[in-house]
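# Descriptive structure summary
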Amino acid sequence: MGWILERLDTWQARLVSGLAMAGALVAVFPPDAHWKADPVTLCALATAILAWLASTLQGAGANNPHDVRLFEEFTNLVDDDERRFLDTQDFGTLFRRSSFDGIRTIYADWDGPRRDFTDKRLQRVWHPLRQQVNILTELIVASTMPATNSEFQTVMTSRDHEDGVSEHTRAEIKAMNEAACELVKRLDKFELRARQILRP
């Protein structure tokens, strides 16, 4: 069912699925007194009906106002500057704490049903994105500290500065860089899907 829902989100797809169901009905119930049941044809009918029902039910929930508002709030929080930071930042270097304010806000405040999407297609891509937000934020909190200038965070300890970067610190940098890279991928997937579903 999930596979069908992801592919029947346009009026053209719903029209085609409706026509397919009509064709299957004609094939199964032709105007012939000698008609006999055919398992292959009955299977085709069941598939057509399922596709039509899925697309019809899906279309009824398009552009849910709650989902539209939530997506707008999300894109305002995680703006282009923050996305650029996530995509290009090497966590072995200093970074402004304000650079990931949107992600921190989602981590801290976006919890519970009020922050879930009504459309199940959106919720399917939102949930793994939300998990990745948690992973990156918790890594940053655990691995970094305020630099001399309190506006900045750093992963480097005083010993790293004195003796060279330790293997432990290198591992933390690698984990944060990889988590940010994965978060960008999930952001792209989520926003693409949201713009397909919540189109004008």
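Scroll up to find the structure this text is about.
Residues numbered from 1 in each chain as written. Predicted model: local features only at pLDDT ≥ 70, side-chain atom pairs only at ≥ 80, totals over all residues. Heavy atoms only, no water.

## Topic: the pattern of salt bridges
Evaluation of the coordinates by the stated rule reveals eleven salt bridges. Linking Asp101 and Arg104 is a salt bridge whose minimum nitrogen-to-oxygen distance equals 2.4 Å. Taken together, the positions of Asp101 and Arg104, both in helix α6 (residues 101-109) and three residues apart, correspond to about one turn of that helix. With relative accessibility at 32%, the residue Asp101 sits in the partly exposed group. Through salt bridges with shared partners, one network takes in Arg83, Asp188, Glu191 and Arg195. (Salt bridge = Lys/Arg side-chain N within 4 Å of Asp/Glu carboxyl O. Helix = DSSP H or I, 4+ residues; strand = E, 2+ residues; numbered from the N terminus. Buried < 20%, exposed > 50% of the residue type's maximum accessible area, 1.4 Å probe, protein only.)

## A look at the sheet that holds strand β1 (residues 95-96)
Strand order in this open sheet of three strands is β1-β3-β2, and the pairing throughout is antiparallel. With one partner strand each, in any of the chains shown, β1 and β2 (145-146) form the two edges of the open sheet. Alignment of β1 against strand β3 (residues 152-154), held across two bridges, turns out to be antiparallel. When the bridges of β3 are listed, Phe95 appears paired with Gln153. (Pairing = 2+ DSSP bridges.)

## Here we look at the environment of Asp119
Take Asp119: it is sitting in the loop between α6 and α7 (120-143). A relative accessible area of 9% means that Asp119 is categorised as buried. For the pair formed by Asp119 and Ala194, sequence separation is 75 residues and the distance between their alpha carbons is 9.8 Å.

## What to know about the packing of aromatic side chains
Tallying each qualifying case throughout the model produces twelve aromatic pairs. Judged by centre distance (5.7 Å) and plane angle (50°), the ring pair of Trp110 and Trp126 falls under tilted. Here the residue Trp110 occupies a position in the loop between α6 and α7, and Trp126 occupies one in helix α7, the gap between them amounting to 16 residues. Trp126 gets classed as buried once you look at its relative accessible area, which sits at 2%. Taken together, a centroid distance of 5.7 Å and an interplanar angle of 70° make the contact between Phe117 and Trp126 edge-to-face. There is no split in this pair, since Phe117 and Trp126 are both buried. A network of ring pairs unites the aromatic residues Phe71, Phe74, Trp110, Phe117, Trp126 and Phe190 as a single cluster. Sitting over the ring of Trp110, Arg115 keeps its end group 4.7 Å from the ring centre. (Phe/Tyr/Trp six-rings, centres within 6.5 Å; stacked < 30°, edge-to-face > 60°. Lys NZ or Arg CZ within 6 Å of the ring centre and 35° of its normal.)

Nothing here speaks to function; it is all geometry.
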